[in-house]
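Architecture at a glance
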Amino acid sequence: MALIYCPECGKQISDQAHSCPNCGYPIVGSTNERGTVGSNQSANETSVGANEPVVFQRFEVSQKKPKKRKALPIVIAVIVGLILISYAAKGGSGSKTTTRSSTGGSTTQSQSPATPQPTQSQSMATSKPTQSQSTATPKPTPVADSATLGERNALASANSYLSFSAFSRSGLIDQLEFEGYTQSEAEYAVNNCGADWNKQAEQSAKSYLSFSAFSRSGLIEQLEFEGFTQEQAEYGVNNCGADWYEQAAKSAKEYLSFSSFSRSGLIEQLEFEGFTYEQAVYGVEQNGY
């Protein structure tokens, strides 16, 4: 018996072994075919005969998939469609309106022109947001005479976007660049559009809560993903009027609508979403558990 090198993990094993005890790789061949300790021949170059190379077969080990976070409801697409139809009917600025998805995320930049504000009711039946909140259009600063035509048009586009949707500063710059404006034109427009980014974060938070449930930390994370700073995101979440216990109940209901959960499993999932244990227990109990 001699020692050989495992071609998969490189560790020393017996040439009599049928598989590597370290990684489970199947061992084919004899001592002469594989080479003993100290041999400089690579395992990949070993062959059974003159014209028959050894074929190694890789075995895939299945792994348990991690728990995925929920996707935003399909109703986002419907809301976006209604926004575009409503905007076209009101005679927009004439510029192309593009719904731009964030890379790696399922959220969209376009939200409802009327930003709903969730109520503070303790009942799931009355927790629907009101429709009285309107989008406040920021007051732009006067355009300087030295502004180029591209800068003027970029500013007009920025004001148009802010008239029906909420944006972070970086998000609005990205949107304008997506429309074809240069970086300098987009930055000029954003710097002169008169937007209050704290208010934009608040408006965006209310918009998210109008069609999906979020924990406090989850909503802050979502706003930061949209480009708001931590301070702006916290301001928006602190002023959006959400009842996090009711948000937990709403989130639990959403989970139960498309999948089955045990009581402890649903509590764990809500905690994973950022709800506190007390909020998660409340949300589960409000749904019959």
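Since we're looking at a predicted model, the values are computed, not measured. (Residues numbered from 1 in each chain as written. Predicted model: local features only at pLDDT ≥ 70, side-chain atom pairs only at ≥ 80, totals over all residues. Heavy atoms only, no water.)

Here's the deal with the pattern of salt bridges
Counted only if it meets this: Salt bridges are counted wherever a side-chain nitrogen of Lys or Arg sits within 4 Å of a carboxyl oxygen of Asp or Glu. Counting from the N terminus, the helices are DSSP H or I runs at least four residues long and the strands are E runs at least two residues long. When accessible area is computed with a 1.4 Å probe and restricted to protein chains, residues below 20% of their type maximum are described as buried, those above 50% as exposed, and intermediate ones as partly exposed.
The tally for this structure, following the rule as stated, stands at three salt bridges. A salt bridge links Glu285 to Arg263; the nearest nitrogen and oxygen atoms lie 3.5 Å apart. Taken together, the residues span a long stretch of sequence, with Glu285 in helix α11 (residues 277–285) and Arg263 in helix α10 (residues 263–272) at a distance of 22 residues. Judged by its relative accessible area of 43%, Glu285 falls in the partly exposed class. Residue class for Arg263 comes out partly exposed when judged on its relative accessible area of 33%. Three or more residues are tied together by salt bridges with common partners; here these are Lys199, Glu202 and Lys206.

Remarks on the packing of aromatic side chains
The condition that has to hold: Classification of ring pairs uses Phe, Tyr and Trp, with its six-membered ring standing for Trp, and accepts pairs whose centres are within 6.5 Å; under 30 degrees between planes counts as stacked, over 60 as edge-to-face, and the remaining range as tilted.
Tallied over the entire structure, the rule returns seven aromatic pairs. Arranged with centres 5.6 Å apart and planes meeting at 85°, the rings of Tyr245 and Tyr282 form a pair that is edge-to-face. Taken together, the residues Tyr245 in helix α9 (residues 244–258) and Tyr282 in helix α11 connect sequence positions 37 residues apart. Exposure remark for Tyr245: the relative accessible area of 36% places this residue in the partly exposed category. Given the relative accessible area of 18%, Tyr282 is considered buried. Joined through ring pairs, the aromatic side chains of Tyr161, Phe164 and Phe167 make up one cluster.

Thoughts on the environment of Thr276
Tracing the backbone through its elements, the reader meets Thr276 in the loop between α10 and α11. Residue Thr276 is classed as partly exposed on the basis of its relative accessible area, which comes to 36%. In sequence terms Thr276 and Ala248 are 28 residues apart; their C-alpha atoms lie 9.1 Å from each other.

Comments concerning the confidence of the model for the chain
Short version of the rule: Here pLDDT means the predictor's own confidence in every residue, given as a number from 0 to 100. Residues are treated as being in contact if the distance between any of their heavy atoms lies within 4.5 Å.
Per-residue pLDDT for the chain averages 74, and the proportion of residues at 70 or more is 59%. Low confidence marks residues 54–75, where pLDDT is under 50. Its contacts with residues over four positions away, or in another chain, come to 35 contacts. Counted against residues more than four places away or in other chains, residues 92–135, with its pLDDT under 50, gives 115 contacts.

Some details on the environment of Ser170
Checked against the element boundaries, Ser170 lands in helix α4 (residues 169–178). Residue class for Ser170 comes out partly exposed when judged on its relative accessible area of 33%. Separated by 16 residues in the primary sequence, Ser170 and Ala186 place their C-alpha atoms 9.9 Å from one another. The contact partners of Ser170, leaving out residues within four places of it in the chain, are Glu226 and Gly227.

Focus: helix α8 (residues 230–238)
Selection criterion: By arc we mean the arc of the directions from the helix axis to the C-beta atoms, nothing more.
Restricting attention to buried positions, one finds in α8 the residues Gln232, Ala233, Gly236 and Val237. In a view along the axis of α8, the buried residues occupy a sector of 130°, so they form one face of it. Lining the buried residues of α8 we find α6 (197–209), α7 (216–225) and α9.

What to know about the packing of helix α3 (residues 149–162) against helix α5 (residues 183–191)
The test is simple: Axes here mean lines fitted to C-alpha atoms, for a helix over just the part in contact, with angles spanning 0 to 180 degrees between N-to-C directions. In what follows, roughly perpendicular refers to angles from 65 to 115 degrees, roughly parallel to angles under 35, roughly antiparallel to angles over 145, and oblique to any angle outside these ranges. Handedness of a crossing is defined here by the sense of rotation of the near helix relative to the far one, left-handed for an anticlockwise turn of less than a right angle and right-handed for a clockwise turn. Think of it as three bins: nonpolar holds Ala, Val, Leu, Ile, Met, Phe, Trp, Tyr, Cys and Pro, charged holds Asp, Glu, Lys and Arg, and polar takes everything else, Gly as well.
The contact between α3 and α5 brings their axes to 8 Å, and the two run at 50°. By the angle class used here, α3 and α5 are oblique. Between α3 and α5 lies a crossing of right-handed hand. Along its contact with α3, which presents Gly150, Glu151, Ala154, Leu155 and Ala158, the element α5 presents Glu185, Tyr188 and Ala189. Of the residues contributing to the contact of α3 with α5, the split by class is five nonpolar, one polar and two charged.

Digging into α7
All of the buried residues in α7 are Gly218, Leu219, Ile220, Gln222 and Leu223. Residues of α7 that are buried in the fold lie against α6, α8 and α9. Just downstream of α7 lies Gly227, where phi reads positive at about 110°.

Quick notes on the state of the cysteines
The condition is simple: In what follows, a disulfide is any cysteine sulfur pair within 2.5 Å.
This model, assessed by the stated rule, comprises zero disulfides. Cysteine Cys6 shares no disulfide, and the gap to the nearest cysteine sulfur, in Cys20, comes to 3.7 Å. On the basis of relative accessibility, which here comes to 3%, the residue Cys6 falls in the buried class.

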